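Overview (structure and organization)
Single-letter residue listing:
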Amino acid sequence: DSAARRVPSEILLRSAFGMTHAEATLAAALCRGTSLGDFAAERGISIHTVRTQLRALLSKTRTDRQADLVGMLSGLAF
């Protein structure tokens, strides 16, 4: 249920991990349960761009999988 999902603020993500605005927006969307394809379509950007942003997020958060990323970031939300 997406209403119960915990989504950290963009400000928190940017300050804690050095994310760009675009990366923080993607991270928050993933925490809400948005798929990579849906995010790309909503933003009018290519799936390749979204995957590149996801790789940057994994690197900046030192996680290896999208599920681990979402789990860790959701734990930061308040």
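Quick note: structure is the one above.
Residues numbered from 1 in each chain as written. Predicted model: local features only at pLDDT ≥ 70, side-chain atom pairs only at ≥ 80, totals over all residues. Heavy atoms only, no water.

**A closer look at the nonpolar core**
L13, M19, L26, L30, L54, L69 and L73 are the most contacted members of the largest nonpolar core, which has 19 residues in total. Elements with a contribution of two residues or more to this core: α1 (10-17), α2 (21-31), α3 (36-43), α4 (47-61) and α5 (66-76). By residue number, the principal contributor to this core is α2, which donates 6 residues. In contact with L13, not counting residues within four places along its chain, are P8, G18, M19, A24, A27, A28 and L73. (Core = buried A, V, L, I, M, F, W, Y, C linked by side-chain atoms within 4.5 Å. Buried < 20%, exposed > 50% of the residue type's maximum accessible area, 1.4 Å probe, protein only. Helix = DSSP H or I, 4+ residues; strand = E, 2+ residues; numbered from the N terminus. Contact = heavy atoms within 4.5 Å.)

**Some remarks on α2**
Buried residues dominate α2, accounting for 9 of its 11 residues. Turning to α2, its buried residues number three or more, namely E23, A24, T25, L26, A27, A28, A29, L30 and C31. In this structure, the buried side of α2 is in contact with α1, α3, α4 and α5.

**Notes on the side chain of T61**
Within the element layout of this structure, T61 appears in helix α4. According to the relative accessible area criterion, T61 is buried, its value standing at 8%. A distance of 2.7 Å separates a polar atom in the side chain of T61 from the backbone oxygen of L57. A polar contact is formed between the side chain of T61 and the side chain of T63, at a distance of 2.8 Å. Look past the residues within four positions of T61 in its chain and what remains in contact with it is F17, M19, L69, M72 and L73. (Polar contact = N/O pair within 3.5 Å; in protein donor to acceptor, adjacent residues only side chain to side chain.)

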